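# Fold and contact review
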Amino acid sequence: MSRLEAKKPPLFFSEPLTKDTVRQSLSLLNRIFKSCYGPAGRLKQLHNGVGGCVCTTSQSSAILRHLSVSDPVLRVLTASVQNHVSRFSDCGLFTAILCCSLIESFGSLNVASCIVIKITRHLLSLCMDYLKSEACGCRVSVDFCSIETLACLVRSVLTSKPACMLNKTEVDHLTTLVLKAFLFTVPCHVEANAVLGKCVIVPVKGRRVMDSTVLPGLLIETPEIQLGKPLAVKRTDSNMIKIALFCVSMSGDGFNTEEGTIAVHCGISLEMSELNQLLNVGKQLVNDEVGLVVCQKVIHPSLKQYLKENHVMAVDRAGLSLMEPLSRMTGSKPIATIHLLSAGCYGSLKDVSIQSFGSKHFVHLIPEDTVICSLMLCNRSETAWDELKVGVLYGFQHVCETAEHVLQLTVKEPLALLGGGCTETHLASYIRHKSSNLSARTFKDLGCSKTQYRLVADGFCRSLESVALSLNRDGVEILTDTFYGHCWFVPSGFPCVSNWSDVASKCGCGIHGNTENLSLRIVQGQSCSPVIQGCPKEPSVKLTDFLTLDCFTAKYSGLQVALETANLILDLSYVIEDQN
C-alpha cells in the first residue's frame, strides 16, 4: 500500500504588494511593456525553457500569451489586459503600462488604499466626462465622407508594429488595401439592423508586400485545380450559378464503427451503399441545376467525377472558417446530411474564376452583392509575416485584422484620440488643472484631505505621462507645452535654456507645428503647470497631413481597465495559495 501524504495547509500572504518579489516582478513587467511601446519599440523573443518555437514580437497579445506569469497578483493584471485586447484588439500596451505605473505610483504613497481608490474613481470620472464632451481637446471627429482620417487610423496601427518591417511605400499600400477591404464590408443598402460584412485574410508567403491585393468575394485554395482549362460551370436561366454548401463529410465514410455496432445483411457492402447514396445526392444536385458544390470536408472522387461530367464544379476541404462567410455571401444554408436535400438550402453566385498567387491556386467565388471580400496578404519574411497576422497567429496578419477592427469600432463611435503621446500628456495637464480648482465639498464627499487628493492626482498624472515617456527611444527628449498640453519630441543633447521651438517641428500626433512659439518643458514625471487652453476645435494642421491617431473606443476602455485593475490589486489584503 502506497504511503499517503497528509494535506498541507494553505499559505496566507498579507499585503502582497509589500513583498519585494512582487514589486520587482511588477517593475520588470512594466519595463518589458514600456520597451515594446510605439513604432520604435524593441522586439522581444519569447520561448519556453524546454525548447519549442520562438516568438519574435512587440505586441501585447503575443507577449502575454507566451509569457509565463506565476505570481497571482500579476496574473490578475495580465488577465485584465488580455480580456481588453480580446474585445478591442488595440491599446493593449497602453493599458498594461498605465496599469503597472498606477500600481507602482499609488503603492509608494503614504495614503490608505481605500482613500486612493475613492480618489482615483473620481479622477477617472473626470477623464471619462472630458473625453466624451465636445470641449475635449485631444480627440477628433471621424468623417466617413472623407478617407483621410480613416487612413490615419489604419496607418497608425500598421506603423506601431516594428516587427512587420514595412517601409513607407508598403505602409501606404496596405493602408489603401485595408480601407478598400473595409469599405467592401459596408452594406450598400442600409436597413434598420444593418450588419457589417467580413474580410477574410488569405496568407501568401514568399511574395512582396506590394503584391498584396483585395478581391470581392471569397477564395478557396484548390491545389489540384488544372490551370489553362476554361471553367464549364452550369448556370441557371437568370445566368446565375446555384451553389450547394455541405458541412458534412462526403467522402463515403459516413458510417463509424466506433459509435456502436452496425448490423449488415449478408452480401451488403457499406462502402457501396454509402457511395450509391452520394451518387443519388449528385443526381439531385444535377436535377436542381446546381452549378457549384462546396464541401467543408472531403468529397468522394467518384462523386467529383460524376459532378464534373455534368458540368458541376466540386470544391472540397473548404474548412470550417469559411462556412459562415460562404453562407452569408451566397444565401445558402449549410447542409448537414446526405439523405435529404431541400430546394431552399441553395444559394447563388454571380461568377466563378481561378486565381493564382505564387505557387497557390484558388477558386474565386464572386457574389452579386459584395459584403464579403478577401485580402491577399503577402510578405517575404517569416518573422514579419507572423507579426502582421490578425486572428489565428500573431503578426503580419494580426496587425491588419487589428486595423480592420479599429475601423469597425469607429463606425459605432466616429471619434479618434490623438496619438504620439499627446492624449496622455493633455489628459495629465487637464487633471492637474481640474484638481487645483476643486471645492472643499468635493474633498469632504470623498472623505480625504486636499493634500491626499493632490498626491493621488499627481501620481495619476505621472502614470499617464509615463506612457508618453515610453515612446522615448534613441536619445530623444520628450517635451510638453503649457498651452495645449501636447507631447513633443526633440533630439537629446540640447541645453535646457535652448529655444525648444527651433528643434521641435511637430507635436507627437502631428496636429500642431512649431509656428506658434509654444512654451515647452521636459516631461520627467514631476508636477507641471496646468494646461492653459484646450486644443481648438478646428486643428491648425489639415487632416490630410499624416496624423497619428488612436482608436477612441479602445483607448477609452483601456483607461478604465487600467485604473479599475490597479484599484483591484491595491485593494488586495490577502493571497491564499493552495500547496497541494
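Up top is the structure these notes are about.
Structural notes, computed from the coordinates. (Residues numbered from 1 in each chain as written. Predicted model: local features only at pLDDT ≥ 70, side-chain atom pairs only at ≥ 80, totals over all residues. Heavy atoms only, no water.)

By definition, a disulfide links the sulfur atoms of two cysteine residues through a covalent bond. According to the stated counting rule, one finds 0 disulfides in the structure shown. No disulfide involves Cys100; its sulfur sits 5.9 Å from that of Cys99, the nearest cysteine. Accessibility expressed as a relative area gives 0% for Cys100, which makes it buried. (Disulfide = S-S within 2.5 Å. Buried < 20%, exposed > 50% of the residue type's maximum accessible area, 1.4 Å probe, protein only.)

Here helix H1 (residues 20–36) spans 25 Å end to end across 17 residues, near enough to the 24 Å set by a 1.5 Å rise per residue. Where H1 is concerned, the buried positions are Val22, Leu26, Leu29, Asn30, Phe33 and Cys36. The buried residues of H1 occupy one face: seen down the axis, they fall within an arc of 125°. Set apart from the buried face of H1 by more than 90 degrees, the exposed residues are Asp20, Gln24 and Arg31. (Helix = DSSP H or I, 4+ residues; strand = E, 2+ residues; numbered from the N terminus. Expected span 1.5 Å × (residues − 1). Arc of directions from axis to C-beta.)

A few words on the sheet that holds strand S8 (residues 241–246). If you trace the 4 strands from one edge of the open sheet to the other, you get S10-S9-S8-S11, paired in mixed fashion. At either margin of the open sheet sits one strand with a lone partner, and together these are strand S10 (313–315) and strand S11 (347–349). Direction aside, neighbouring strands of the sheet carry axes that sit 30° apart on average. As paired elements, S8 and S11 share 3 bridges and run antiparallel to each other. Bridged to Lys242 within S11 is Ser348. Contacts from helix H10 (residues 323–330) reach S8, strand S9 (290–295) and S11 within the one sheet, and its direction differs from that of S8 by about 150°. (Pairing = 2+ DSSP bridges. Axes fitted to C-alpha atoms, helices over the stretch in contact; angles between N-to-C directions. Contact = heavy atoms within 4.5 Å.)

With that out of the way, let us pick up the sheet that holds strand S14 (residues 372–379). In spatial order, the strands read S5-S14-S6; together these 3 strands make up an open sheet with mixed pairing. Only two strands of the sheet have a single neighbouring strand rather than two, namely strand S5 (198–205) and strand S6 (213–216). Shown here is a sheet whose adjacent strand axes are inclined to one another by a mean of 25°, direction ignored. Note that S6 and S14 share 4 bridges and pair antiparallel. Counterpart to Pro216 in the pairing with S14 is Cys373. Where helix H7 (residues 168–184) meets the sheet, it contacts S5, S6 and S14, and its direction lies at approximately 15° from that of S6.

Moving on to the nonpolar core. Within the largest apolar cluster, 124 residues are counted, with the highest numbers of intra-cluster contacts made by Phe33, Leu77, Leu123, Leu131, Tyr453, Phe460 and Leu559. Non-local contacts of Leu123, meaning those with residues more than four positions away in its chain, are made with Ile431, Tyr453, Val456, Ala457 and Phe460. The next biggest cluster of nonpolar side chains, apart from the first, holds 22 residues, and it includes Ile243, Met313, Leu349 and Ile372. (Core = buried A, V, L, I, M, F, W, Y, C linked by side-chain atoms within 4.5 Å.)

Attention now goes to the pattern of salt bridges. Counted according to the given criterion, the structure contains 15 salt bridges. We note a salt bridge from Asp211 to Arg208, for which the minimum N-O separation is 3.1 Å. With a closest N to O distance of 2.8 Å, Glu424 and Lys555 form a salt bridge. On the criterion of sequence distance, the pair formed by Glu424 in helix H13 (residues 422–435) and Lys555 in helix H16 (residues 552–570) is long-range, its members being 131 residues apart. Residue classification places Glu424 among the buried residues on the basis of a relative accessible area of 2%. (Salt bridge = Lys/Arg side-chain N within 4 Å of Asp/Glu carboxyl O.)

Taken together, the side chains of Phe12, Tyr574 and Ile576 present a nonpolar region at the surface, about 380 Å² in accessible area. Mapped onto the elements of the fold, Ile576 is located in strand S22 (residues 574–577). (Patch = residues over 30% accessible without salt bridge, like charges linked within 9 Å, V, L, I, M, F, W, Y side chains within 5 Å. Areas by Shrake-Rupley, 256 points an atom, 1.4 Å probe, with all protein chains shown as cover.)

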